[in-house]
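# Understanding the architecture of this molecule
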Amino acid sequence: MDPHLLRTFVAVARLASFSGAARELGYTQSAVSQHIAALEGDLRTELLTRRPVEPTPAGARLLEHAVPLLLRLDAARADVLRLAAAPPGRVTLAVSPLAVGPRLLAALPATGVTLRVLPPAEVAAAVATGGCDLGLVDGLAAPSDPLRLPDVAPLSVTGVGEDRLAVLLPAGHPFHGRASLRLDDLADARWIDAPGVVPAPAAVRTAPALRYDGTDLHALCALAAAGHGLVLLPRRVAADAVPVSDPRLVHRTELLAPGAPTPPAAALAARLAAAG
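So, a few notes on the structure that sits alongside this text. Nothing here was measured: the structure is a model prediction, and the numbers come from that model.

## Description of the overall build of the protein chain
Within the protein chain one finds eight helices and 12 strands. With the C-alpha coordinates of the protein chain rotated into their principal frame, the extents come out at 65 × 45 × 30 Å. Classification of the 276 residues of the protein chain by burial places 44% in the buried group. Counted over contacts in the protein chain with a minimum sequence separation of 6, partners at least 24 positions apart contribute 67%.

Right, here's the structure in full:
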């Protein structure tokens, strides 16, 4: 399959619009229609319905393959260009909002680093495709277990920190001020859905009280303090949050690097790994 046709197909499916995909990709609408027709002809099946524009069952299955395949191609291109290009002076470090603790911050050099805050789900792709030189990503895991990261490229992964988890509760909550709590005790609680910062724990996932689409940690904590829902955070973030005693989960941070980092990126990765 031609990757150019796949990119057009993914854009049309994502935007649910032939004209929208044409604007995004810089093609004419006629060219987009021709790309989709050519792909459907190659596979001998309809991939998209036209009114409304949405994937057929065969198209939905192709999307499952196409998105990671195209990401892999972008990662391969970035890896080769990274080797061929002259080493840049600056290092761009992708970080998820909760990934940078005091020790890692202290390890950053005074100059030469740009921090780019991204949702956790986007950090690996940013490093793999060359948008950032290194990444720090966080998530929930069992102690000493690695995070489940998307398979976007053969990235180097180094654990650089584990913190105890705690639940941020409003002042009037019955469990506020406890020495610890079990997540099962909060099975029916309302949680803030904040995928750009931290997921609600799977064990107690219910209909979210509120969805927060930003990456500002202070705004998320303010929403929890105001009673809009509970938030699961590393204990270091909020001193008055109640530690979780069960299940045995931790907040884990991992350092992501490409297979062939530039010398400045390799030097920064060594500093961060040592600090962790």
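## Focus: helix α2 (residues 18-25)
Turning to α2, its buried residues are Phe-18, Gly-20, Ala-21 and Ala-22. Along its buried surface, α2 packs onto α1 (3-15), α3 (29-43), β1 (48-50) and β2 (53-55).

## Here's the deal with unusual backbone geometry
Note the cis peptide between Arg-51 and Pro-52, where omega equals 0 degrees. Note that the residue after Asp-246, namely Pro-247, is joined by a cis bond; omega there is 0 degrees. Following the sequence through the fold, Pro-247 ends up in the loop between β11 (242-246) and β12 (250-257). Of note, the phi angle at Arg-44 is positive, near 60 degrees, even though the residue is not glycine. Mapped onto the elements, Arg-44 comes out in the loop between α3 and β1. Assessed through its relative accessible area of 78%, Arg-44 is described here as exposed.

## Here we look at the packing of α2 against α3
Packing of α2 against α3 leaves a shortest axis separation of 8 Å and a crossing angle of 105 degrees. As judged from the angle between their axes, α2 and α3 are roughly perpendicular. Where α2 approaches α3, its residues Phe-18, Ser-19, Ala-21 and Ala-22 are matched on the opposing element by Gln-29, Val-32, Ser-33 and Ile-36.

## Considerations on the side chain of Asp-193
Along the chain, Asp-193 turns up in strand β8 (residues 192-193). Here Arg-211 takes part through its side chain, which lies 2.7 Å from a polar atom of the side chain of Asp-193.

## Concerning the nonpolar core
Among the nonpolar cores identified, the biggest contains 20 residues, and Phe-9, Val-12, Phe-18, Leu-39 and Leu-48 are the most heavily contacted of them. Every element with two or more residues in this core is listed here: α1, α2, α3 and α4 (57-84). Those residues in contact with Leu-39 that sit more than four places away from it in its chain are Met-1, Leu-5, Leu-6, Phe-9, Leu-47 and Leu-62. Counting 18 residues, the second largest nonpolar core, distinct from the first, contains Val-91, Val-95, Val-160 and Ala-265.

## Remarks on the pattern of salt bridges
Summed over all chains, the structure comprises 12 salt bridges. Of the charged contacts in the structure, one is a salt bridge between Arg-182 and Asp-184, with a shortest N-O distance of 3.3 Å. Since its relative accessible area comes to 45%, Asp-184 is described here as partly exposed. The partner of Arg-182 in a salt bridge is Asp-185, with the nearest N and O atoms 3.3 Å apart. Since its relative accessible area comes to 34%, Arg-182 is described here as partly exposed. The exposure class of Asp-185 is partly exposed, given its relative accessible area of 35%. One continuous salt-bridge network, built from bridges that share partners, spans Arg-178, Arg-182, Asp-184 and Asp-185.

What counts as what
Residues numbered from 1 in each chain as written. Predicted model: local features only at pLDDT ≥ 70, side-chain atom pairs only at ≥ 80, totals over all residues. Heavy atoms only, no water. Helix = DSSP H or I, 4+ residues; strand = E, 2+ residues; numbered from the N terminus. Buried < 20%, exposed > 50% of the residue type's maximum accessible area, 1.4 Å probe, protein only. Contact = heavy atoms within 4.5 Å. Axes fitted to C-alpha atoms, helices over the stretch in contact; angles between N-to-C directions. Parallel < 35°, antiparallel > 145°, perpendicular 65-115°, else oblique. Polar contact = N/O pair within 3.5 Å; in protein donor to acceptor, adjacent residues only side chain to side chain. Core = buried A, V, L, I, M, F, W, Y, C linked by side-chain atoms within 4.5 Å. Salt bridge = Lys/Arg side-chain N within 4 Å of Asp/Glu carboxyl O.

By themselves these figures say nothing about function.
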